[in-house]
Amino acid sequence: MYFGLQTGWISMMSLQASLLGFWIFKPCQASFGPKENVYLQTVAVATATMPLAAGFVGIVPALSQLTTADLATGPLILPAWKLILWSLGLAFTGVFFAIPLRKQTIIKEGLKFPSGTATAQMIQVLHDQKQNDSAQDSERLQLQTFGQASQDDAFIDDDERNRLWSLKLKALLSAFSLSSIYTLASYFFPVLYALPIFNWLTLNYIDFKSWEWYFTPSLSYGLPTTLSMLLGCIVGWGILSPISHYAEWAPGPINDWKSGSKGWILWISLGVMISESIVSLLIVLVKQLSVMIFSQEAHRHVEQHENLLHNQDDPNDDDDDRRTENDDLNAINENQDDDLPVEKQVSVQVAIVGLLCSIALCIVMVRIVFGSDIMPEWMTIVSIILAMFLSILGVRALGETDLNPVSGISKLSQIAASALMPGAIVANLVAGGIAEASAQQAGDLMQDLKTGYLLRASPKAQFYGQLIGSLISSFVATGAYLLYTSVYNIPGPEFPAPTAQVWLDMARLVNGHPLPPHVFEFVIAFSVLFAVLTFLKETKKTAWHQWIPQGIAFAIGIYNPPSFTLARVIGGILCNLWDSYIDKIGKVAIVIVASGFVLGEGTFAIVNMLLHALHVPHV
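Computed from a prediction, not measured in an experiment: that's the story for all the values here.

Criteria and cut-off values
- Residues numbered from 1 in each chain as written.
- Predicted model: local features only at pLDDT ≥ 70, side-chain atom pairs only at ≥ 80, totals over all residues.
- Heavy atoms only, no water.
- Helix = DSSP H or I, 4+ residues; strand = E, 2+ residues; numbered from the N terminus.
- Buried < 20%, exposed > 50% of the residue type's maximum accessible area, 1.4 Å probe, protein only.
- Areas by Shrake-Rupley, 256 points an atom, 1.4 Å probe, with all protein chains shown as cover.
- Core = buried A, V, L, I, M, F, W, Y, C linked by side-chain atoms within 4.5 Å.
- Contact = heavy atoms within 4.5 Å.
- Phe/Tyr/Trp six-rings, centres within 6.5 Å; stacked < 30°, edge-to-face > 60°.
- Salt bridge = Lys/Arg side-chain N within 4 Å of Asp/Glu carboxyl O.
- Axes fitted to C-alpha atoms, helices over the stretch in contact; angles between N-to-C directions.
- Parallel < 35°, antiparallel > 145°, perpendicular 65-115°, else oblique.
- Left-handed = near helix turned anticlockwise from the far one by under 90°.
- Nonpolar A, V, L, I, M, F, W, Y, C, P; charged D, E, K, R; others polar.
- pLDDT = per-residue confidence, 0-100.
- Expected span 1.5 Å × (residues − 1).
- Patch = residues over 30% accessible without salt bridge, like charges linked within 9 Å, V, L, I, M, F, W, Y side chains within 5 Å.
- Polar contact = N/O pair within 3.5 Å; in protein donor to acceptor, adjacent residues only side chain to side chain.

**Some thoughts on the overall build of the chain**
Looking only at helices and strands, one finds 25 helices and 0 strands in the chain. Out of the 619 residues belonging to the chain, those deemed buried represent 53%. About 27000 Å² of surface is accessible on the chain, with carbon and sulfur atoms providing 65% of the total.

Set out below in structure tokens:
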């Protein structure tokens, strides 16, 4: 919730959940092994990502910013009981929908799901689990992020392993302490939160801070993605924002969403998001169709060849050719038998019944919260059906690129909703929220299932863990959101909730509201540019394609202020340098250190909030 309201960016935090859970439970219970670590991490991720799935960092704040032009009654501020019902309505559809996708994406096609793979490697390293020498286990445990670190551990004696273990613990505690102390100090000395270093460098002759160019140190993010964010920051805040302000296209205060340059450049960010998302989803769809066609053609070709050989006089003449053809067919389905027993998997009956029940729950809850006059039942059903289709594309994109394009998926749903219910701003937001929740939860569970598959954990246990986490977080996330809104103005300086304005602007745009002056030309230009770049990045794998800017990261660099981007870029550079010069154990250590920073800042942000609520004096 803290990071989401602050930046609009929410991570699964699966690595951090695995690490923190290990440090808490391993000393207390000797039987806490890799599989138990997987189950714990699954519950934690399901709980932690509910602020995004339930729209607490986007849709809910957007509803509170409605005007009488959007809704006759003005801002729509939902009470606690409605927020809980809304969360419960969105908590389970994506979970049940993900189950049938597991067999196809993880078992048959073996999609990478890089974050899930990295989490499996982290758990493997934490538990000092040795790889099996069998070919099957060797293939399963080719975990990409940290190489073969666990194999190297096999040649380390017990004393050396204990020494390394002690160093890892000290690294975690040191990072946690440093991040905690700095975060707490920023409450008593707010200048630490927003260091005007660019003003200092120019001796205050240029007021960079008024253009949001200041430094907000953050020890919690850790190069291509951050460089794309930096490019978006420079283009958006260093070029387009001053141009729009001094040309009087956005004459209001710079950081004003409605009349200032901050709101003006937001439309360009939105155009880039939509452009990249649509192109990426179309490419994934074409690839999926190609795989299906290839699979069908391979089956048909093998069957025809076998029939031909069967009808020949000597069926043994072409044994080698037959084996070759059969090998081709087997290559398509090579992983189908490499799965856990049926009793450890979720049955088809449970998935179907659960999906139908979760759809019914969503329809009922949306009706109770918003009423049929604002969001008719038929529109909710259409939104769910559209969400399911888009979730398939989202899961496949996540498996191949580690990026779940939930923002683009929600925008496509908003476009569809505007065609079905023109002028209905609230219904547009709700429809997009349903699509985002489904794609988010399906993607999160699929990453967790990939982790479990690599470590032979029961998918049934993970499935129930996801349900438990989603259920509990419907209440916990609601309480967290109400706590933040009771202490801070949201949106406000501390928590601008940038994605809320993106949601609202998109809903207004697709329902006929005019764009700010002269922004349309820039939106079209950047949308076309990133459509071409995305196509090249996804289809032309060359030595330089990794340097093509990522559209979503570029857009985040525009709609978040420079203070957010600069800290992340520095963290990305340091992490890249570390990876370049440090050995494999060091690569594990950097994840541990980064996790300590995340946990320190996130934990003591809550302490700062409580101090603020209690009106503890500060500078």
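**Here's the deal with the nonpolar core**
Ranked by internal contacts, the top residues of the largest apolar core, which has 96 residues, are Leu-5, Leu-63, Leu-66, Trp-86, Phe-370, Leu-429 and Tyr-484. The leading source of residues in this core is helix 19 (residues 425-454), at 16 residues. The residues touching Leu-63, leaving out its near neighbours within four places in the chain, are Pro-75, Leu-76, Leu-78, Phe-370, Val-426 and Leu-429. Core analysis: the second largest hydrophobic core is formed by 33 residues, Ile-274, Phe-530, Tyr-559 and Phe-564 among them.

**Looking at the packing of aromatic side chains**
Evaluation of the coordinates by the stated rule reveals 14 aromatic pairs. Aromatic side chains Phe-96 and Phe-463 sit 5.4 Å apart centroid to centroid with 75° between the ring planes, which places their arrangement in the edge-to-face category. Just as Phe-96 is buried, Phe-463 falls in that class too. Their ring planes at 75° and their centres at 5.2 Å tell us that Tyr-484 and Phe-495 sit as a pair that is edge-to-face. You can see Tyr-484 sitting in helix 20 (residues 459-487) and its partner Phe-495 sitting in the loop between helix 20 and helix 21 (498-510), a full 11 residues away along the chain. Using a relative accessible area of 5% as the deciding quantity, one classes Phe-495 as buried. Feature note: the residues Tyr-2, Tyr-484, Tyr-488 and Phe-495 constitute an aromatic cluster, connected by ring pairs.

**What to know about the pattern of salt bridges**
Pairs may arise between side chains of opposite charge once their charged atoms sit close together. Applying the stated criterion across every chain, the model contains 2 salt bridges. Across the salt bridge formed by Glu-377 and Arg-367, the nearest N and O atoms sit 2.3 Å from each other. Note that Glu-377 is positioned in helix 17 (residues 377-401) and Arg-367 in helix 16 (residues 348-370), a separation of 10 residues in sequence. Of the residues examined, Arg-367 reaches a relative accessible area of 42% and is grouped as partly exposed.

**Brief notes about the packing of helix 7 (residues 93-108) against helix 20**
The geometry of a pair of packed helices is captured by two quantities: the angle between their axes and the separation between those axes. At their nearest, the axes of helix 7 and helix 20 sit 11 Å apart, and the two run at 160° to each other. When the axes of helix 7 and helix 20 are compared, the pair comes out roughly antiparallel. Viewed along their axes, helix 7 and helix 20 form a crossing whose handedness is right-handed. Residue-level contacts link Val-95, Phe-96, Ile-99 and Arg-102 of helix 7 to Pro-459, Phe-463, Gln-466, Leu-467 and Ser-470 of helix 20. Across the contact of helix 7 with helix 20, the residue classes break down as 6 nonpolar, 2 polar and 1 charged.

**Looking at the confidence of the model for the chain**
Per-residue pLDDT for the chain has a mean of 77; in total, 78% of the residues score no lower than 70. Ranking the elements of the chain by mean pLDDT puts helix 9 (residues 135-140) last with 40 and helix 6 (residues 80-90) first with 94. Note on residues 130-155: pLDDT under 50 across the span, and 48 contacts to partners over four residues away in sequence or across chains. Below pLDDT 50 for its whole length, residues 313-317 participates in 2 contacts with residues either more than four positions away or in separate chains.

**Examining helix 7**
With 16 residues, helix 7 extends 24 Å from end C-alpha to end C-alpha; this agrees with the ideal 22 Å at 1.5 Å per step. Counting buried positions along helix 7 yields 12 of 16 residues, so the element is predominantly enclosed. All buried positions along helix 7 are accounted for by Thr-93, Gly-94, Val-95, Phe-96, Phe-97, Ala-98, Ile-99, Leu-101, Arg-102, Thr-105, Ile-106 and Ile-107. Just beyond helix 7, the residue with positive phi is Gly-110, at close to 65°.

**Re unusual backbone geometry**
Residue Pro-491 is bonded to the preceding Ile-490 through a cis peptide linkage, with omega at 0°. Mapped onto the fold, Pro-491 is located in the loop between helix 20 and helix 21. A positive phi angle, near 65°, is found at Glu-248, a position not held by glycine. Within the element layout of this structure, Glu-248 appears in the loop between helix 13 (224-246) and helix 14 (261-311). Overall, Glu-248 belongs to the exposed group, its relative accessible area being 62%. The residue Ala-497 is not glycine, and still its phi comes out positive at about 45°. Locating Ala-497 in the fold gives a position in the loop between helix 20 and helix 21. For Ala-497, a relative accessible area of 1% translates into the label buried.

**A word on helix 8 (residues 114-126)**
In this model helix 8 runs 18 Å from its N-terminal to its C-terminal C-alpha over 13 residues, within 8% of the 18 Å that 1.5 Å per residue would give. With 11 of 13 residues buried, helix 8 is to be regarded as a mostly interior element. Inspection of helix 8 places Gly-116, Thr-117, Ala-118, Thr-119, Ala-120, Gln-121, Met-122, Ile-123, Gln-124, Val-125 and Leu-126 among the buried residues, and these make up the whole buried set.

**Section: a nonpolar patch on the surface**
On the surface, Ile-468, Leu-471, Ile-472, Phe-475 and Val-476 cluster together to form a nonpolar patch covering roughly 450 Å² of accessible area. Here Leu-471 lies in helix 20.

**Regarding the environment of Trp-547**
In this structure, Trp-547 sits in the loop between helix 22 (519-539) and helix 23 (551-559). C-alpha of Trp-547 to C-alpha of Lys-537: the two residues are 10 residues apart in sequence and 9.0 Å apart in space.

**Observations concerning the side chain of Ser-14**
Its place among the elements puts Ser-14 in helix 2 (residues 14-25). Setting aside chain neighbours within four positions, we find Ser-14 in contact with Gln-41, Val-45, Ser-115 and Thr-119.

**Brief notes about the side chain of Asn-511**
Tracing the backbone through its elements, the reader meets Asn-511 in the loop between helix 21 and helix 22. Look at Asn-511 and you get buried, because its relative accessible area is 15%. Within polar-contact distance, the side chain of Asn-511 engages the backbone oxygen of Ala-507 at 2.6 Å. Setting aside residues no more than four positions away along its own chain, Asn-511 makes contact with Ser-418, Met-421, Pro-422, Gly-423, Ala-424, Ile-425 and Asn-428.

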